[in-house]
Structures are given as structure tokens and as C-alpha cells.
Amino acid sequence: MAQTVDLRQLVMAIDKQKELNAGLALEYDCVIEIEDPKELIKVLNYLINYCIHLTDQKLNIALNDQMDEFLLVLNVNTTATEIPPISDQLVSVLKTMDANFKIKHEPGNYCLL
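Each value, and the rule that gives it
- Residues numbered from 1 in each chain as written.
- Predicted model: local features only at pLDDT ≥ 70, side-chain atom pairs only at ≥ 80, totals over all residues.
- Heavy atoms only, no water.
- Helix = DSSP H or I, 4+ residues; strand = E, 2+ residues; numbered from the N terminus.
- Buried < 20%, exposed > 50% of the residue type's maximum accessible area, 1.4 Å probe, protein only.
- Areas by Shrake-Rupley, 256 points an atom, 1.4 Å probe, with all protein chains shown as cover.
- Lys, Arg positive; Asp, Glu negative; His and termini not counted.
- Charge placed at Lys NZ, Arg CZ, Asp CG, Glu CD.
- Contact = heavy atoms within 4.5 Å.
- Salt bridge = Lys/Arg side-chain N within 4 Å of Asp/Glu carboxyl O.
- Disulfide = S-S within 2.5 Å.
- Axes fitted to C-alpha atoms, helices over the stretch in contact; angles between N-to-C directions.
- Parallel < 35°, antiparallel > 145°, perpendicular 65-115°, else oblique.
- Left-handed = near helix turned anticlockwise from the far one by under 90°.
- Nonpolar A, V, L, I, M, F, W, Y, C, P; charged D, E, K, R; others polar.

Participant: Just give me the short version of the overall build of the protein chain, but keep the residues and values in it.
Facilitator: Scanning the protein chain from N- to C-terminus turns up three helices and seven strands. Counting from the amino terminus, helix and strand elements in the protein chain follow one another as β-α-β-β-α-β-β-α-β-β. Based on the C-alpha atoms only, the size of the protein chain along its principal axes is roughly 45 × 30 × 25 Å. Classification of the 113 residues of the protein chain by burial places 34% in the buried group. By element, 49% of the accessible surface of the protein chain is carried by carbon and sulfur atoms, the whole surface being about 7,500 Å². Here the protein chain contributes 9 positive and 17 negative side-chain charges, whose respective centroids are spaced 5 Å apart.

Dropping the structure here:
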């Protein structure tokens, strides 16, 4: 049975639990129905951990309502010229949630997920 998850509240809870003190720009009413919220939490934790290992600076997280979908953006400034690949398992899990992601990396400057 699907459960309702408020993405804004979830991101804020992860930020608080991990003590990230991330820059948050989160829109209200970003609510989804999902079979297994634990999988979503694992995905978000993976992506956040991926980003924070690229930098010693502040992580910025934005959540936007795009009419028929939601856009979650994780942004870090980084001096890394190369970044590690994202786990293939993550890609598979995202597909089960009807979700996808893109990475934009400007070497030595920033990384966006």
C-alpha cells in the first residue's frame, strides 16, 4: 500500500539528523505517494553523502514543484576534477520510483545532482 511522503519535511528531517546545516530552498506541498519510503530515504542519504564527500563547503538543497513532477537539486562547490560514478543500484532503485537524475560537474568548480 502506498504511503504519502512530504518531500520537504523528509529533506528537513535528514538535514537535522545528519546535522548538515545545508542551505535549504524547499517549496511546500511537494507530496508523493510511494510504496516504500525507506527506499526513498536510502536514495536521499546516498546522494547527500555522495555530495558531502566532494567538498568541505556547505551543501545546498533545492526542491521545486514542476507542475506534474518534483525537482530536487543538490549543489556543492568542489575542487574535485573527477567525481566517482553513481552506483548502478541507485539507478535501478530510482527507476522503480519512476524517478531519474542527472549529474552536472564543472571540474574544480561545482557538482549538481
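Participant: Provide a residue-level description of the environment of Ala22, including the pertinent values.
Facilitator: As for its placement among the helices and strands, Ala22 is situated in the loop between α1 (7-18) and β2 (23-26). When the C-alpha positions of Ala22 and Asn60 are compared, they lie 5.5 Å apart, and in sequence the two are 38 residues distant. With sequence-adjacent residues up to four places away left out, Ala22 is seen in contact with Asp15, Lys58, Leu59 and Ile61.

Participant: For the pattern of salt bridges, give the residues involved together with the corresponding values.
Facilitator: One pass over the full model with this rule turns up one salt bridge. As a salt-bridge pair, Lys42 and Glu39 come within 3.6 Å of each other at their nearest N and O atoms. Here the residue Lys42 and the residue Glu39 both occupy positions in helix α2 (residues 37-52), the gap between them amounting to three residues, near one helical turn. Owing to a relative accessible area of 53%, Lys42 belongs among the exposed residues under this scheme.

Participant: Break down the state of the cysteines for me, citing the residues and quoting the values.
Facilitator: Following the criterion strictly, the structure yields zero disulfides and no others. In this structure Cys30 is a free cysteine whose sulfur lies 19 Å from that of Cys51, the closest cysteine sulfur available. Cys51 takes part in no disulfide bond, and the closest cysteine sulfur to it belongs to Cys111, at a distance of 5.6 Å.

Participant: Tell me about the packing of α2 against helix α3 (residues 88-96), residues and numbers included.
Facilitator: Contact geometry of α2 with α3 gives a least axis separation of 11 Å together with a crossing angle of 140°. By the angle between their axes, α2 is oblique relative to α3. In this structure, the crossing between α2 and α3 has a hand that is left-handed. Contacts between α2 and α3 involve Glu39, Val43, Tyr46 and Leu47 on the former and, on the latter, Leu90, Val93 and Leu94. Each residue belonging to the contact of α2 with α3 can be placed in one class, and the counts come to six nonpolar, no polar and one charged.

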